[in-house]
Amino acid sequence: MKHIVIPTLLLCALLSSCGAKDTTARKTIIAMDAAATLSINGENADDAISAAEKEFYRLDALLSRSAKTSDIYRLNENGSAAVSSDTAAVIETALGISRETDGAFDITVTPLTDAWGFFNQNYRVPSDSEIQSILPRVGYENAALNGNTASLTNGALVDLGGIAKGYACESAARILKSRGITSALISFGSSSIKAIGFKSAGEPWKIGLADPQNSQEYFMTLEISDTCVATSGSYERFFEKDGKKYHHIINPKTGYPADNGLLSVSVVCADGTRADALSTALFVMGADKAVEFQKKHGGFEAILITDDKTAYVTSGLKDSISAVPDGWTCIIV
Ligand code: AMP
Ligand code: MG
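So, here is what we can say about the structure in this document. (Residues numbered from 1 in each chain as written. Chains lettered and ligands numbered in written order. Predicted model: local features only at pLDDT ≥ 70, side-chain atom pairs only at ≥ 80, totals over all residues. Heavy atoms only, no water.)

### As for the site of ligand 1
Line of reasoning, step 1. Around ligand 1 lies a shell of 16 residues, among which Asp106, Ser232, Ile250, Asp276 and Thr280 are the nearest.
Line of reasoning, step 2. Contact distances for ligand 1 include 3.0 Å between a nitrogen atom and a backbone N or O atom of Ala104.
Line of reasoning, step 3. Asp276 is positioned with one of its side-chain polar atoms (N or O) 3.0 Å from an oxygen atom of ligand 1.
Line of reasoning, step 4. Looking at side-chain class alone, the shell around ligand 1 contains 7 nonpolar, 5 polar and 4 charged residues. (Near = heavy atom within 4 Å. Polar contact = N/O pair within 3.5 Å; in protein donor to acceptor, adjacent residues only side chain to side chain. Nonpolar A, V, L, I, M, F, W, Y, C, P; charged D, E, K, R; others polar.)

### Topic: the coordination of the magnesium ion (ligand 2)
Line of reasoning, step 1. Within the protein, the atoms that donate to the magnesium ion (ligand 2) are Gly162 (O), Asp276 (O), Asp276 (OD) and Thr280 (OG1), at distances of 2.0 to 2.4 Å.
Line of reasoning, step 2. Sequence positions of the donors to the magnesium ion (ligand 2) reduce to the motif G-x113-D-x3-T. Within this pair, whereas Gly162 is found in the loop between β6 (149-152) and α7 (164-178), its partner Thr280 is found in helix α8 (residues 272-285), the two being separated by 118 residues in sequence.
Line of reasoning, step 3. The exposure class assigned to Gly162 is partly exposed, which follows from its relative accessible area of 21%.
Line of reasoning, step 4. Given a relative accessible area of 14%, Thr280 falls into the buried group. (Donors = N, O, S within 2.8 Å, 3.2 Å for Na, K, Ca; no water. Helix = DSSP H or I, 4+ residues; strand = E, 2+ residues; numbered from the N terminus. Buried < 20%, exposed > 50% of the residue type's maximum accessible area, 1.4 Å probe, protein only.)

### Thoughts on the pattern of salt bridges
Line of reasoning, step 1. Applying the stated criterion to the full structure yields 12 salt bridges.
Line of reasoning, step 2. A salt bridge links Arg58 to Glu55; the shortest N-O distance between them is 2.9 Å. Taken together, the residues span about one helical turn, with Arg58 and Glu55 both in helix α2 (residues 45-63) at a distance of 3 residues.
Line of reasoning, step 3. Taking relative accessible area as the criterion, Arg58 reaches 38% and is therefore assigned partly exposed.
Line of reasoning, step 4. With a closest N to O distance of 2.7 Å, Asp71 and Arg74 form a salt bridge. Separated by 3 residues within a single helix, Asp71 and Arg74 lie in helix α3 (residues 71-78), roughly one turn from each other.
Line of reasoning, step 5. Judged by its relative accessible area of 29%, Arg74 falls in the partly exposed class.
Line of reasoning, step 6. Through salt bridges that share partners, Glu55, Arg58 and Asp86 make up one connected network. (Salt bridge = Lys/Arg side-chain N within 4 Å of Asp/Glu carboxyl O.)

### Examining the side chain of Thr101
Line of reasoning, step 1. One can find Thr101 in the loop between α4 (85-100) and α5 (110-115).
Line of reasoning, step 2. For Thr101, a relative accessible area of 6% corresponds to the buried category.
Line of reasoning, step 3. Residue contacts for Thr101: discarding those within four places in its chain leaves Leu278, Ala281, Met285 and Phe293. (Contact = heavy atoms within 4.5 Å.)

### As for the pairing of strand β12 (residues 237-241)
Line of reasoning, step 1. With 4 bridges joining them, β12 and strand β13 (residues 244-247) adopt antiparallel strand pairing. Paired with Lys241 across the two strands is Lys244, which belongs to β13.
Line of reasoning, step 2. Between β12 and β13, which pair antiparallel one after the other, the connecting turn spans 2 residues, and Asp242 there sits at a positive phi close to 50°. (Pairing = 2+ DSSP bridges.)

### Considering the packing of α2 against α7
Line of reasoning, step 1. Where α2 meets α7, the axes come as close as 9 Å, and the angle between the chain directions of the two elements is 145°. Classified by chirality, the crossing of α7 by α2 is right-handed. Contacts between α2 and α7 involve Ala48, Ile49, Ala51, Ala52, Glu55, Phe56, Leu59 and Leu63 from the first element and Ala164, Tyr167, Ala168, Cys169, Ser171, Ala172, Ile175 and Leu176 from the second. (Axes fitted to C-alpha atoms, helices over the stretch in contact; angles between N-to-C directions. Left-handed = near helix turned anticlockwise from the far one by under 90°.)

### With respect to α7
Line of reasoning, step 1. In this model, α7 (15 residues) spans 21 Å end to end at C-alpha, consistent with the 21 Å of a helix rising 1.5 Å per residue.
Line of reasoning, step 2. With respect to burial, α7 is a largely interior element, 11 of its 15 residues being buried.
Line of reasoning, step 3. Within the span of α7, buried status applies to Ala164, Lys165, Gly166, Tyr167, Ala168, Cys169, Glu170, Ser171, Ala172, Ala173 and Leu176.
Line of reasoning, step 4. Looking at the residues trailing α7, positive phi occurs at Gly180, about 85°. (Expected span 1.5 Å × (residues − 1).)

The following block contains the structure:
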């Protein structure tokens, strides 16, 4: 069996270098099992980076599924736990987005991602009967929040991997702003990016979106300021068995990796937590439903890249993107 995980540090360097060259201070740290890069312009940038770095570690310690002292570990172990206000906020947002997306986004998908081996990297293809036996444990109705007490029923387990990085980017940005930073880029590789202000006067940050078929290359660039971009892609974590590729974004209704022709989804939204969860949800929905959802709900823009060499770009981004590579079609929707 072939196990493939794109080296996050490399991807991170590739993606953020596009927009963050020549910043005053820059640091890459490891948090939430990924590389996060902070690029800041202006005075006191080093102190601000240290404060944001601490915030990443603080949130990682609360939201991690594996750290034995985390809120999520205690919740999964005991079925109920008093959690910090940050954890409660992430769970509340996650459950709200589950309701909005009719369960396409679902933090209780966890026993399924475990069965496919994505948690401990023991990749395997579970039998259909195993998947069917797990499905009753999956469903956002199996998770509840009452004040700061979170609880799980029906053998549910939660993992905030589809939303936590976006929340962390938002929290770090709040800390930078409180320190007077008006120009910064915070990025977890291609997964979650938060831009504060412009790169320099009148010049937006330029973000490179990975080519989902060769993620060491750019697919297109996107100009942003004061907003977030989250990308979910089947290239980010996958394995191959008997010539078939299995990736880490699971359709909670079927129990199988979403298989609808999408290769990657990028969501641009002012709120990073929402951007992160929506990119995962839209990836599960597939291009048609995702575009329908965007038109109905609004408040965000999206780039959907499909395996028939088409990029669907919602109209609000038409002046912010570069051309698609040769051989690809770009359709503004
Ligand atoms: P992202 O890269 O933000 O799309 O998040 C992917 C991660 O979220 C996976 O590694 C899983 O931990 C988790 N996940 C997988 N499928 C789902 C889903 N349908 N809803 C919520 N989280 C998911
Ligand atoms: Mg996500």
